[in-house]
Amino acid sequence: MKRIVVENVWKKFSIGYTGRQRALSKFISMFSGREPKKEFWAVKGVSMTAEAGEILGLIGENGSGKSTLLRLIAGIYAKDKGKIETDGRIISLINLNIGLKDRLTMRDNIYMCCSLFGLGKRMVDERFNAIVEFTELEEYVNTKLYQFSAGMAQRLAFSIAVHCNPEILLLDEVFEIGDESFKKKSTERIEGLVGEGATVVLVSHDLPLIERHCSRVAWMDRGVVVREGNSTRIVEEYGRHEKKG
Amino acid sequence: MSLKRTLELSLALANAEFKLRNEGSYLGILWYMAEPVLTFLLLAGVFSKSLGQDIQSYPLYLLVGIIMFKLFQKITTDCTKIIRDNRFIIKSIKFPTEALVNTVILKTLYSHVFEVLFLIGVVLYYGGPTEGLVFYPIVLVPFVIFTAGVSFTLAALTVYFTDVEYIWIFLSRLLWLGTPIFYTIEEHGSIFLLNLLNPNYYFITIARDLAVYNRIPEPWMIAGMIGYSALSIAAGVIIFNRFKPKFSEQI
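Residues numbered from 1 in each chain as written. Chains lettered and ligands numbered in written order. Predicted model: local features only at pLDDT ≥ 70, side-chain atom pairs only at ≥ 80, totals over all residues. Heavy atoms only, no water.

J.: What is the right way to read the interface of chain A and chain B from this model?
T.: In this assembly, 27 residues from chain A lie in contact with 24 residues from chain B. Summing both partners gives a buried area of about 2,200 Å² for chain A against chain B, and 55% of it is carried by carbon and sulfur. Three residues, A:I76, A:N97 and A:L116, lead the burial of chain A against chain B; their summed loss comes to 26% of the area buried on that side. Applying the counting criterion to the chain A and chain B interface returns four salt bridges. The closest approach of N and O atoms between A:K101 and B:E17, which form a salt bridge, is 3.6 Å. Put simply, chain A and chain B have seven residue pairs in polar contact (both at pLDDT 80 or more) between them. Among the secondary structure elements, those contributing two or more residues to the side of chain A that touches chain B are β1 (2-16), α2 (66-74), β5 (90-94) and α3 (106-116) of chain A. The dominant element in the side of chain A that touches chain B, judged by the number of residues it contributes, is α3(A), at four residues. A class-by-class count of the residues in the side of chain A that touches chain B yields eleven nonpolar, seven polar and nine charged. (Contact = heavy atoms within 4.5 Å. Buried area = accessible area lost by both parts, 1.4 Å probe. Salt bridge = Lys/Arg side-chain N within 4 Å of Asp/Glu carboxyl O. Polar contact = N/O pair within 3.5 Å; in protein donor to acceptor, adjacent residues only side chain to side chain. Helix = DSSP H or I, 4+ residues; strand = E, 2+ residues; numbered from the N terminus. Nonpolar A, V, L, I, M, F, W, Y, C, P; charged D, E, K, R; others polar.)

J.: Looking at this structure, I do not really get the packing of helix α3 (residues 58-85) of chain B against helix α6 (residues 136-160) of chain B. What am I missing?
T.: If you want to describe how two helices pack, look at the angle between their axes and the distance between the axes. Residue and element names in this part refer to chain B. Contact geometry of α3 with α6 gives a least axis separation of 8 Å together with a crossing angle of 30°. Relative to α6, the element α3 lies roughly parallel. Of the two possible hands of crossing, α3 and α6 adopt the one that is right-handed. Contact residues: I67, M68, L71, F72, I75, T76, C79, T80, I82, I83 and R84 in α3; Y136, V139, L140, F143, F146, T147, V150, S151, L154, A155, T158 and V159 in α6. (Axes fitted to C-alpha atoms, helices over the stretch in contact; angles between N-to-C directions. Parallel < 35°, antiparallel > 145°, perpendicular 65-115°, else oblique. Left-handed = near helix turned anticlockwise from the far one by under 90°.)

J.: It is not clear to me how the side chain of B:T108 should be interpreted in this structure. Could you clarify?
T.: All names here are of chain B. Among the secondary structure elements, T108 is positioned in helix α5 (residues 98-125). Exposure remark for T108: the relative accessible area of 7% places this residue in the buried category. Setting aside its immediate chain neighbours within four residues, T108 contacts L71, K74 and I75. (Buried < 20%, exposed > 50% of the residue type's maximum accessible area, 1.4 Å probe, protein only.)

Encoded structure:
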């Protein structure tokens, strides 16, 4: 069963461009605060699929279009051309940014962030204990987040995301987080979700991690998927390319 | 995205924002009333014996104008920044961004409850009739719909044209001075004719008629109120929906 189908997808951005400006243009930009823009195609004709119960890795250099593709699948960005079809509840965890508020307690943050992921209050009530238990931060439920360490906040963000019933989990530089025991726990949780039929798309620069967890890998370069296939082979090819590079 | 999900999210975010606003404050909800109360006391002190001399029940006339205009000004001004202030979350999670505008409206309405309580207190203090206040929600509902329309429009436009934020600060101050809040206007005068184009004039006048003077508003005023509400919300929803697919790229 295909959970994600991406067909010939293109995405362009209008990006700031200050090169080759004439003196008058620079002068106007300085006062108006506007700068000349140019078109930049971040994703160019990408096609791929992801099956239920698989972890698909996305690798490539910075600016190769991995995160843009992830956001296109999540529906955060609108595509310019092509077709994207998804089947299942999408949860995106991009740099663990899920809108946690420092001045709210862990309890309030759980309710607020779960709402952002589309859970109603009753559903959050049902999952609340599981979320807290997973973080292993039971004694801090009524503590405000500004008193949390970065690792504790990461645990909370991750726990909220994986308890929101993801059928498609999009992870950008997020997989093994926290200390060693939590890394193991978070990995087991993701593998559990995959075992239940969820699809995970993982963007990462950590090649051993990609090789360890992904069944398939797509290597992106300048907006194009240049290689796709078995993770060991693709990671090896990419590693060689990086060394040459 | 379903309407139910948008409403649930709006409520959850508004509750969180309400808590954030009180967080760490010793005086808490008292601050909600600080601005309208101080504005009221100042203007009542300055104008009671000049601009307000010939206005019946001037303190109540003034207070209804202040709390309604401040509600409009607070919601619309906050909405000019709401999309950019939430850029990280908009770029990370797909959710109905309308909820952010609704959140501003809801949390400001929570505060408005305290302003209305203050209004009731002032009415009681001056020995005025309180039964008219029962009708205040009848004006408040279309007024909030009108304000929501303006807010959706501003929230969307500011993403593309940052200047809208600064223009709106200036325009809302002009509106504050141009709307008969602390003074009255003569019918058929030039300011009256200009105010026919000012939706706030309709809502505030109707609210005063109902809540302060216990009289039925004129039908053309009611028609104006309904017309401006419908026009505003229709324009706001169309503009917001037109622009929202690209919010995440523009912020």
